[in-house]
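Summary of structural features
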Amino acid sequence: MSTVRQLTSSLFLVTGLLFLAACGDGGKAHVTLKLTDAPGDTFEKAVVTISKVYLKGHVDGQDGKGDVVLLSEPVTTDLLTLANDTADLVKDAEVPPGTYKELRFVITGGYIQVKQDGTSRIFATSRDYAGLPAGAQVDGDLQMPSASSSGLKVKFDKDADVTITSDDNQKVILVDFDVAQSFGKEAGGSGKWVMRPVIKGADLQFSGNVEVSLEARDGLSLPLGLPQLGTFKAVLINADGSRESLAFTAASGTRYVADFKYLLPGTYQVDLETVAGVTFSTDLARPATTQVSSGAEADVHFVLTSYTVE
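These lines cover the structure that appears in this document, whether it is placed above or below. (Residues numbered from 1 in each chain as written. Predicted model: local features only at pLDDT ≥ 70, side-chain atom pairs only at ≥ 80, totals over all residues. Heavy atoms only, no water.)

Considering the pairing of strand β9 (residues 119-124)
Strand residues, when the strand is regular, have side chains that alternate between the two faces of the sheet. Two strands pair when backbone bridges link them, and strand β8 (residues 98-116) and β9 are joined in this way by 6 bridges, in the antiparallel orientation. When the bridges of β9 are listed, Gln-113 appears paired with Ile-122. As defined by bridge partners, β9 adjoins strand β10 (residues 140-143) across 2 bridges and the pair is classed as parallel. Residue pairing across strands places Phe-123 opposite Gly-140, the latter belonging to β10. (Pairing = 2+ DSSP bridges. Helix = DSSP H or I, 4+ residues; strand = E, 2+ residues; numbered from the N terminus.)

Description of the sheet that holds strand β23 (residues 278-282)
One open sheet holds the 5 strands; their spatial order is β20-β21-β17-β25-β23, and the pairing between them is mixed. Every other strand in the sheet has two partners, leaving β20 (249-252) and β23 as the edge strands with one partner each. Along the sheet, successive strands turn relative to each other by an average axial angle of 40°, direction set aside. In the sheet, strand β17 (residues 208-216) pairs with strand β25 (residues 297-309) via 8 bridges, with the strands oriented parallel. Across the sheet, the residue bridging to Leu-214 is Phe-302, located in β25. (Axes fitted to C-alpha atoms, helices over the stretch in contact; angles between N-to-C directions.)

Some remarks on the pairing of β10
By the bridge criterion, 2 bridges tie β10 to strand β15 (residues 193-195) in an arrangement that is parallel. Bridge assignment links Leu-142 to a residue of β15, and that residue is Trp-193.

What about unusual backbone geometry?
Between Arg-286 and the following residue, Pro-287, the backbone shows a cis peptide bond with an omega angle of 0°. Inspection of the secondary structure assignment puts Pro-287 in the loop between β23 and β24 (288-292).

Quick word on the sheet that holds strand β22 (residues 266-273)
Pairing within the open sheet is antiparallel, and its 4 strands lie in the order β19-β18-β22-β24. One side of each edge strand has no neighbouring strand; the edge strands of this open sheet are β19 (243-247) and β24. Sheet twist, expressed as the average angle between the axes of neighbouring strands with direction ignored, equals 30°. Here β22 runs beside β24; their pairing, made up of 5 bridges, is antiparallel.

Listed below in structure tokens is the structure:
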């Protein structure tokens, strides 16, 4: 097990809101690090092995003297499984009071699986990367510059330092790893992929969510045997243009709901999509814009006003 006390090295999926718990212990704060994935639908898999996570600190103005290791036992996870969810990557690690300027993630391997020309292809950091599925055929290289040496830098919200005091009891840090923005093809047509992570950190008491609802206007009938409201999907688009689709589920009466959870505060756009061959209109102009605040739910309500099968 990890040398950091009270550290849970296995991933634990959670379904509630992030919150600060009162659990002080001997003048030390406890830090929980949650990992999530920003909306994105370009990839089939994005697997990484995180071997070390540490807080980079300040001590008497000297960088590096106050570094605190939060995770030292490797964890391998598919980042795409974290969309609309979070994982406790570090749980209740004891951290001395101090000022910390960033998180560092040391990533020692990974692979992505992407759809190209109708074929699923795998690009990995090495042919013998331990996280590959048994019998997997590697089609090309995935490069991760500096990821396994100095580590990936995660700046805190607004590039501000985070100060942890003995009065904090517990800090919850949400790290948003944007898969769609973090992997791209190498220039020059070599066929290689490069991981240039787009990751954001925020010292939060609560994450936000967007609840999207859909219902048909009074008097609008959807012909039997044709796609119904349950075949629609809500689409969430973040400020960087990454998209996540989420199916609607029946809520009450004719109302359908899709709930996007664990979102960093900011501005998002919301759109709708359905099966090919159907055109439709809604009371709201699409995409609709909504603002997510810390600990708050944003509601976007669409009313279907027309529905035509081409």
